[in-house]
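One letter stands for each residue in the lines below.
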Amino acid sequence: MDHTAESQRTDLMTVTCHVLNEQTKHPEARGDFSILLYHIVLGCKFVCAAVNKAGLAKIIGLAGETNVQGEEQKKLDVLSNQVFVKALISSGRTCILVSEEDEVATFVEPSKRGRYCVVFDPLDGSSNIDCGVSVGTIFGIYMAKDKDTPTLEDVLQPGKNLLAAGYCMYGSSCTLVLSTGNGVNGFTLDPSLGEFILTHPDIKIPKAGKIYSVNEGNAKNWDEPTANMVADVHRTLLYGGIFLYPADKKSPNGKLRVLYEVFPMSFLVEQAGGQAFTGKQRALDLAPKNLHDRSPIFLGSYDDIEEIKGLYAAAEEKEP
């Protein structure tokens, strides 16, 4: 698809209109899902504004605390987390929230409770904030079995049960990529309108690509077959290729978190026609046991992931 040409379209389909159009395909829908997505988009706009003026407002740098992952929290990490928690609770459509920044899940009080569970990384790649590199928000949405009695089991589901997933990238432009289970669409924020406009409809990842995204500084520790997630996956979706964060000797279970990094991105890549693989199985078939479980991940173009699968299969055959 010629995304440059598509970006010049002038029909101005906003993300809100797009979601409402999708809602009309489900006569039983009451609008709850659309309201939830509206509040996620609102959170993205707020964080985008904060990122753009971070240096001037002196909200870059460290906040003086560490999060549950043991990573030093940037001031924008803390702000972004607060923004999304408040936006999601105020929607009145959520019952459980799981954030990278919080050790435990947030259970919404009964008076504001809805039927959806949201898992999210409020500011992925935040270590890059001070040097102006792209950062982003990642999110996934599940349905709770019973909104009146939500439990952790409602979020500790395989990724294949996701209702929707997406990310918002804050860089030279602010780009929202979203899937509600019916393909993948990209929207770009028009600052003059304050609206996300559809600029990348029906994204399809090429069958194979020439780009790979990986932290090669860890190469010496990678497992034998393989010897800023948002920006890298975004490029992979548009141009093909592969994004990989394999297991290594220091992190045998991988580095990326299953619920709010691996699952949403794997969902998007599969919806765009690609594949996501852990080195052992389809990524979306994983069944997490804890909120902050980690996993290796290989995702991208279909043919490229097939090659990775072949490498792992060959390695298994060599084992005694």
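Residues numbered from 1 in each chain as written. Predicted model: local features only at pLDDT ≥ 70, side-chain atom pairs only at ≥ 80, totals over all residues. Heavy atoms only, no water.

What follows is about the overall build of the chain. For the chain, the count of helices and strands is 8 helices and 16 strands. For the chain, buried positions account for 53% of its 320 residues. Carbon and sulfur atoms form 51% of the exposed surface of the chain, whose accessible area is close to 14,700 Å². (Helix = DSSP H or I, 4+ residues; strand = E, 2+ residues; numbered from the N terminus. Buried < 20%, exposed > 50% of the residue type's maximum accessible area, 1.4 Å probe, protein only. Areas by Shrake-Rupley, 256 points an atom, 1.4 Å probe, with all protein chains shown as cover.)

Before going further, it helps to spend a moment on the side chain of Asp154. Inspection of the secondary structure puts Asp154 in the loop between strand 6 (135-143) and strand 7 (164-170). Although Asp154 is buried, it forms no salt bridge, and the closest oppositely charged side chain is Lys145 at an N-O distance of 5.4 Å. Beyond its immediate chain neighbours, meaning those up to four positions away, Asp154 contacts Ile96, Cys117, Tyr142, Ala144 and Lys145. (Lys, Arg positive; Asp, Glu negative; His and termini not counted. Salt bridge = Lys/Arg side-chain N within 4 Å of Asp/Glu carboxyl O. Contact = heavy atoms within 4.5 Å.)

Burial runs high along strand 8 (residues 174-179): 6 of the 6 residues are buried. Here strand 8 shows two buried faces, one formed by Cys174, Leu176 and Leu178 and the other by Thr175, Val177 and Ser179. Summarising the sheet, strand 7 and strand 8 pair through 6 bridges and their orientation is antiparallel. For Ala165, the partnering residue across the bridge sits in strand 8 and is Ser179. Between strand 7 and strand 8, which follow one another and run antiparallel, lie 3 residues. (Pairing = 2+ DSSP bridges.)

Applying the stated criterion across every chain, the model contains 5 aromatic pairs. These aromatic residues form a ring-pair network of at least three members: Phe277, Phe298 and Tyr312. (Phe/Tyr/Trp six-rings, centres within 6.5 Å; stacked < 30°, edge-to-face > 60°.)

Right, let's talk about the state of the cysteines for a bit. What the rule picks out here adds up to 0 disulfides. Here Cys48 is not cross-linked by a disulfide; its sulfur's nearest cysteine counterpart is in Cys174, at 3.6 Å. Take Cys48: its relative accessible area is 7%, and that puts it in the buried class. Between Cys174, a cysteine without a disulfide, and Cys168, which holds the nearest cysteine sulfur, the sulfur-to-sulfur distance is 3.5 Å. (Disulfide = S-S within 2.5 Å.)

The subject of this paragraph is the packing of helix 3 (residues 32-52) against helix 5 (residues 75-90). Where helix 3 contacts helix 5, the axes come no closer than 9 Å and their chain directions differ by 155°. As summarised for this structure, helix 3 and helix 5 are arranged roughly antiparallel, according to the angle between their axes. Every pair of crossing elements has a handedness; the one defined by helix 3 and helix 5 is right-handed. Contact residues: helix 3 offers Leu36, His39, Ile40, Gly43, Cys44, Phe46, Val47, Ala50 and Val51, while helix 5 offers Leu76, Leu79, Ser80, Val83, Phe84, Ala87, Leu88 and Ser90. (Axes fitted to C-alpha atoms, helices over the stretch in contact; angles between N-to-C directions. Parallel < 35°, antiparallel > 145°, perpendicular 65-115°, else oblique. Left-handed = near helix turned anticlockwise from the far one by under 90°.)

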